[in-house]
Amino acid sequence: MSRQATVIGETERGLVRDSGLIIVDKSAGMTSHDVVARIRRLAGTRRVGHAGTLDPMATGVLVVGIEKATRLLGHLTLTEKEYSATIRLGQSTVTDDAEGDVLPPAHVAAIVASAIPRDVLCAALAELTGVISQVPPKISAIKVGGQRAYRLTRSGAAPELLPRRVTVSRLDLLAMRPVGNMLDIDIEVTCSSGTYIRAIARDLGTALGTGGHLTALRRTRVGPYQISEAQTLDQLAEQFEFIPLAEAAAAAFPVIHLSADEARLLSHGVRLHLANGLEQPGGHAGAGAEVNGAGVGVNGAGVGVNGAGVGVNGAGVGVNGAGAGAPVGAGSVCAGSVGVDSGGVHVGGPSPVAAFDLEGTLIALVIENAGEIQPIAVFVP
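These lines cover the structure that appears in this document, whether it is placed above or below.

1. Quick look at the sheet that holds strand S15 (residues 353-357)
The strand order across the open sheet built from 4 strands is S14-S15-S16-S17, with neighbouring strands paired in mixed fashion. Where the open sheet ends on each side, the last strands, each with one partner, are strand S14 (255-258) and strand S17 (372-378). For this sheet the average axis-to-axis angle between neighbouring strands, irrespective of direction, equals 40°. Relative to strand S16 (residues 362-369), S15 is paired through 4 bridges, and the arrangement is antiparallel. What sits directly across from Val353, in S16, is Val366. Contacting S14, S15, S16 and S17, helix H8 (residues 260-267) crosses the sheet at an angle of about 80° to S16.

Below you can see the structure in the form of structure tokens.
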């Protein structure tokens, strides 16, 4: 792993009581719950959870927390994600991916997907980029009337799912391959929490009049955690490594340092009033230092996002700046990156900040509310 990791040897297995994050490279065919169950056995603790479900078909980054680090997971779930995916145009399925039954063509004279010009495909992808309204797949874990959508769908009671606003800040077309009358395309996506790549495949096929579904999906980033530092379960079985809690929090969130008195009060759940809020001296770009180059780049304590609309290429296609997207001619067929704010490192509310004492001990995750620093997860004593 690229970060400093704690290693648990074979003789210590089952005695892990430290807290931290494991960046797992999930293999196809496993559920996220399967991964959690395996980590429980390897770490010897039942206090294990994950940040953001991956479908069984999908592979790639699954962030798993053990012990106190499970308190980070709900906030990491809301961070920006990156994916590489393959979409097949010319065929729709019940599940919007390759695991579902194929649906009959919507039109008798269906458009031949393999004949779609590149510029038409790029234009359709551009329409799915930015802040968009997306209807989740019917086979999903979203609750409708207290029941999961996938259960309602499989029982024959098709749920009516409401559209949700999500942000697709990068949607790049990398390759096109005709497959008979169908067309396989490879894409890379940077998006906010709650975005379904299956829905992008479905909506792209609908817009082009061909139908479409997802045939491969690999998650390559969750917040600051990249696929390059992920390990398979087999690798973890040989050498169990995890990122210690304090380092994990500093990598994922902006950081402030507190005096001994402030740290003591915060550890007891007391709200603090800091003269300069979360921008006081001692804060640094903890998350931005890790995520810059991926178009996030949050400075200080989550104030101000770089790379959002800075340096637009050509006719508004592909945003440069903090690595927010490859320009046309940089190896991709077409680039759909745009200058939009996906909420920086965190979406769906105030950005958490990791509060440390002057000795480097993680005290709590905090947010600023009405001029006060409010703890939302306390890690000491």
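2. What about the packing of aromatic side chains?
A complete count under the given rule lists 1 aromatic pair for this structure. Judged by centre distance (6.3 Å) and plane angle (50°), the rings of Phe240 and Phe242 are tilted. The exposure class assigned to Phe240 is buried, which follows from its relative accessible area of 0%.

3. Quick word on the nonpolar core
Ile39, Leu121 and Leu204 are the most contacted members of the largest nonpolar core, which has 47 residues in total. Setting aside residues no more than four positions away along its own chain, Leu121 makes contact with Leu89, Ile116, Leu173, Met176, Leu183, Ile185, Leu204 and Leu208. One finds Ala51, Leu76, Tyr225 and Ala252 within the second-largest nonpolar core, a separate group that totals 26 residues.

4. Considering the pairing of strand S2 (residues 20-26)
Two faces make up the sheet, and in a regular strand the side chains alternate between them. Burial analysis of S2 places 7 of its 7 residues in the buried class, the great majority of the element. Burial along S2 is two-sided: Gly20, Ile22, Val24 and Lys26 facing one way and Leu21, Ile23 and Asp25 facing the other are all buried. Where S2 lies against strand S4 (residues 59-66), 7 bridges are found, and the strand directions are antiparallel. From the neighbouring strand, Ile23 faces S4, where its bridge partner is Val63.

The rules behind these values
For every chain, the first residue of the written sequence is number 1, and numbering continues from 1 along that sequence. Side-chain atom pairs in this predicted model are given and counted only at pLDDT of 80 or more, local residue features only at pLDDT of at least 70, and totals for whole chains, interfaces and linings cover all residues. Note that water and hydrogens are dropped before the side-chain values are worked out from all heavy atoms of the structure. For two strands to pair, DSSP has to find at least two bridges joining them. Secondary structure follows DSSP: runs of H or I at least 4 residues long count as helices, runs of E at least 2 residues long count as strands, and numbering of each begins at the N terminus. All axes here are fitted lines through C-alpha atoms, helices being fitted over the stretch that makes contact, and every angle between N-to-C directions spans 0 to 180 degrees. Contacts are assigned to residue pairs that have any heavy atoms within 4.5 Å of one another. Between 30 and 60 degrees the pair is tilted, below 30 it is stacked and above 60 it is edge-to-face, where a pair is any two Phe, Tyr or Trp rings, Trp via its six-membered ring, whose centres lie within 6.5 Å. Only protein chains enter the accessibility calculation, which uses a 1.4 Å probe; a residue whose area is less than 20% of its type maximum is buried, one above 50% is exposed, and one in between is partly exposed. For the purposes of this section, nonpolar cores are sets of buried Ala, Val, Leu, Ile, Met, Phe, Trp, Tyr and Cys residues that join through side-chain atoms within 4.5 Å.

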